[in-house]
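Remarks on the overall topology
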Amino acid sequence: MHNKSVEEVLKELKSSINGLSTEEAEKRLKIYGKNRIELEEESLLKIFIRQFTNPLILILIVASFIALYMGDLKDFYFIVGIVFINGMIGFYQEYKAKSKIKDLLQLSVPKVEVLRDGKTVELSSEDITVGDIVILREGDVIPADVRFIETNNILVDESLLTGESIPVEKHAEKILPLDTPIYERENIGFGGTYVVKGIGKAVVFAVGLNTEMGRIYSKLKVKERETPLTRAIGNFSKKLIITLIIILSFILVIGLLQGKDLKNLIMLVIAQLVSSVPEGLPIVITIALVIGAITLYKKKVLIRQLPAVESLGSATFICTDKTGTITENKLKVEEIYSLDKDIVPLIFTLCNDSEIERGDPIEIAMLRWLEDNGYDYIDIREKHPRIWLYPFDTKLKLMASIHKVENKNILFIKGAFESLEKLAINKEDVEKLKSKYDQMAESGLRVLAFGYQILDHSIDDINKARINLIGLIGFLDPPKQTAVDAVKAAKQAGIKVIMITGDSLKTAISVAKMVGIHEEGKLTLEGKDLEKYTDEELKNLLYNISVVARSTPEDKYRIVRILQSSGEQVVMMGDGVNDMPAVKAADLGVAMNEGSQATKSVAKMILLERDLSVTVDAIKIGRRISHNLRKTIHYLLSTNIGEILILFFAFILALPQPLYATQILWINLVTDGIQDKPLVLTKEEVWIFKLNPKTFSIWFIDKIQIFRVLYFSTLMGLIIIGIFYYLLKTTFLDVAITLTFLNSIFFQWANGLQSVRELPFFYNVLENFKANPYIFIVTTFIGLPIQVAIIYFFPDFLHCVPISFKDWMYPFLVFVIAFFLIEIRKWFEFLLFKKVYNI
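Described in the following lines is the structure provided in the data block.

Rules behind the numbers
- The residue numbering used here restarts from 1 in each chain and proceeds along that chain's sequence as written.
- For a predicted model such as this one, the threshold for reporting local features is a pLDDT of at least 70, and the threshold for listing and counting side-chain atom pairs is 80 or more; totals across whole chains, interfaces and linings nevertheless cover every residue.
- Hydrogens and water are ignored here; the side-chain numbers use all heavy atoms of the structure.
- Secondary structure elements follow DSSP: runs of H or I of four or more residues count as helices, runs of E of two or more count as strands, with numbering from the N terminus.
- We call a residue buried when its accessible area falls under 20% of the maximum for its residue type, exposed when it is over 50%, and partly exposed in between, using a 1.4 Å probe and counting protein chains only.
- The contact definition used throughout considers only heavy atoms, calling two residues in contact when any of these lie within 4.5 Å.
- Areas reported here follow the Shrake-Rupley algorithm with a probe of radius 1.4 Å; residue values treat only the protein chains shown as occluding.
- Think of it this way: a Phe, Tyr or Trp ring, Trp meaning its six-membered ring, pairs with another when their centres are within 6.5 Å, and the plane angle makes it stacked under 30 degrees, edge-to-face over 60, tilted otherwise.
- Any pair of nitrogen or oxygen atoms within 3.5 Å is treated as a polar contact; in protein, a donor-acceptor pairing is required on top of that, and neighbouring residues in sequence qualify only through side-chain atoms on both sides.
- Criterion used throughout: strands pair if DSSP finds at least two bridges between them.
- Axis lines are fitted through C-alpha atoms, for helices just across the contact stretch, and the angle between N-to-C directions can take any value from 0 to 180 degrees.
- An expected span of 1.5 Å times one less than the residue number is assigned to each helix.

Before going further, it helps to spend a moment on the overall build of the chain. Counting secondary structure elements, the chain contains 31 helices and 21 strands. A burial count over the chain gives 57% of its 839 residues as buried. The contacts in the chain between residues at least 6 apart in sequence include a share of 72% that link residues at least 24 apart. Per element, the accessible surface of the chain, about 36,200 Å² overall, is 59% carbon and sulfur.

Let us now look at the packing of aromatic side chains. Geometry of an aromatic ring pair is reported as the spacing of the ring centres plus the angle between the planes. One pass over the full model with this rule turns up 24 aromatic pairs. On the numbers, 5.0 Å between centres and 65° between planes, the contact of Phe348 with Trp369 is edge-to-face. With a gap of 21 residues between them, Phe348 in helix α12 (residues 344–350) and Trp369 in helix α13 (residues 361–372) connect regions that are remote in the sequence. Classification of Phe348 by relative accessible area gives buried; the value is 0%. Ring geometry for Phe746 and Phe812: centres 5.1 Å apart, planes at 70°, overall edge-to-face.

Attention now goes to unusual backbone geometry. Backbone geometry places Lys300, a non-glycine residue, at a positive phi of 75°. Of note, the phi angle at Asn407 is positive, near 65°, even though the residue is not glycine. With respect to the secondary-structure elements, Asn407 resides in the loop between β12 (398–405) and β13 (408–415). Classification of Asn407 as exposed rests on a relative accessible area of 74%.

Let's shift gears to the side chain of Thr325. Along the polypeptide, Thr325 turns up in the loop between β9 (317–320) and β10 (332–338). A relative accessible area of 0% means that Thr325 is categorised as buried. Within the structure, the side chain of Thr325 is placed 2.6 Å from the side chain of Asp321, a separation counted as a polar contact. With sequence-adjacent residues up to four places away left out, Thr325 is seen in contact with Thr320, Lys480, Met573, Met592, Arg610, Asp611 and Leu612.

For the rest of this paragraph, the subject is the sheet that holds strand β18 (residues 545–549). Pairing is mixed in the open sheet, where eight strands are placed in the order β8-β21-β20-β19-β9-β16-β18-β17. Of all the strands in the sheet, just β8 (301–303) and β17 (523–526) have a single pairing partner and so form its edges. Averaged over all adjacent pairs, the angle separating strand axes in this sheet is 20°, with direction ignored. Of the strand pairs in this sheet, β9 and strand β19 (residues 570–574) are connected by three bridges, and their pairing is parallel. Bridge pairing in β19 links Cys319 to Met572. Its contacts with the sheet place helix α18 (residues 505–515) against β16 (496–500), β17 and β18, and it is angled at close to 145° to β18.

Let us look at the pairing of strand β7 (residues 194–206). The pairing of strand β3 (residues 133–137) with β7 spans five bridges and is antiparallel. Residue pairing for β7: Val134 is matched across the bridge by Ala202.

Taking 1.5 Å of rise per residue, twelve residues should cover 16 Å, and helix α17 (residues 481–492) covers 17 Å from first to last C-alpha, within 8% of that figure. Those residues of α17 that are buried are in contact with β16, α18 and α24 (612–652).

Below is the structure:
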């Protein structure tokens, strides 16, 4: 519609300047439907089912049915209970987040003035249709895509759609080329944007999903990527179950060849299967993510999906918008250049139609400057009454007013430099100002010129005014200091930041330099420039690009996908509908609380306080959580595999069964259950903030993790079975089994306490207790007393016998041996990888 005249548009839409008849409007409502965009909502059932599709959970469910088939109801109820509790915690957290989102997204449906049957009526924006004539005034939200048919100094804020922070002037009489980009369509109003100033009439040509915003939303069919943790756990689970089946089948065959009882063997294998599968891991992960979500909420971040917490720790790129996130979204007078300083407050006050609470953003910025510099603009206006006003003219790009100042009539004028230059009589001064104007514009400022004329006669035509052009005002949407700190912190953490904005390239570069995103040698592009490159070419370029200006939704989406194809974990921040496809496609889509409902509906995280620093702080919390999960995974895998190796070595050596099925389940409960959950409460180790972020994408189960697991589990299996072999020769079988039971627990407790830090325990001993006092407390005051009680008060329950005081030296000796073997491994790694720890 932007390439047609008003008459052609009305004819094509079969409408008129008097609007539609009520009857015709009702017909069209049936054809085009309501003017609204329905947002898809995930059902509660789908959220609930998702809690039970984790590979580890599925393994546990299978194990529970095996236990049920074998008649072991205790194990069946135990496993099912864990699975159910884990699922309900996850469901509750997502449901709570979903409810919070609904509260945040409750927006009232705006009213709009419409011409029906030639009369002005007020209707819900949902009830307008194609061909309706709408009247738009200052403050109105444009209800649908419209073609202006009348405009009177109308300015529209389109930042929600285009990202452009400066209001756009609209001209009904303009006819534009067909290929005019969205942000240059000066005769079109887009649904969801709003009128900043002026008044106009427009004809609706698209409603609902057919609007520009609806078109973007309807394209949104992006399959979300799994988080690094989900991918790691999924791959690990498949390998784990295959490995367990092979090893346990081997144990079963050896046991049968040795003539052991089939029923006992099967129960032992099932118990070991249940114990070996780290069923505590899903619930520990959920607890870690819930704690992370709560911590983030206190930091003004709302998590919509729990896995997003972990995704934060793996972020390698942040693609951020500019307005309001990096900048304050408030125009500010950045620079004033005036040949007459005394006239500045008069120009700012008198040639100004706004109030400090409402009006044109530029004029509000001028009033704020007055306040900051001790001027009372209300008092100045009262002392110098207005005699005549020439309102802002969007064609001439100027505004003028005449005031009584010291018994003289003075015309004050402000506007575009090129407009005022034509009226200026002080040509020498104009040349100086022109040089200054170019300098200010190149620095990314939006520049207005101002001047005055002392009158001895009235003015009937502003074009006949002859003024002294005496100054320039440079406006900037200033960057937040927090954004400067956030960019610095992100760079230290190895995270690259790209500013993707709808603003002009000059403005974007200027702001990017101020906050540290853009540096010498970095590339800057406009969205249209991206079309010159293939995806493969952009893969390399994006690593050196700091700013993409004048971007479209397709540009943002393409950037996210290209970075992901290079193995990057992308955080995409946005608030407008134009950001929605990229926000959903990103590994972590971040929306703003005050942003569009549609974008919030697809984001995994919502910033309740719009600031880049909030996202960077959230990434730090995400890294801490990822690190704690890594420690927990190591602890659970190493101890569980260690238990398997105890049985494996015993059967290989044709020794008696070293542990009973119930003891294996108890070890799993007392050691894993008591120590794994406090591990997620560990405070951060500062050095992780300086790691390459790609580390976090693979380190849940990487080569170092596998080495540590095998190191511990192999030593555990060999040492425990070695002591068991010795005990068989020096004491009774039931005492040897009881001590093996205790030795296994104490060996694993040593592992739990050593898992608090990756650094050696004796490298600043107190840091271990500061980092996580809880694990030391629960091990000493809960784990140990329970274990003593079970040995002496309920020995039959776990096939144990009370042991002498002297026999307690074995578990304590095992604890010390295990502790120092881990310490040796830690010192070896510390000395080998000292650079990694940045110490």
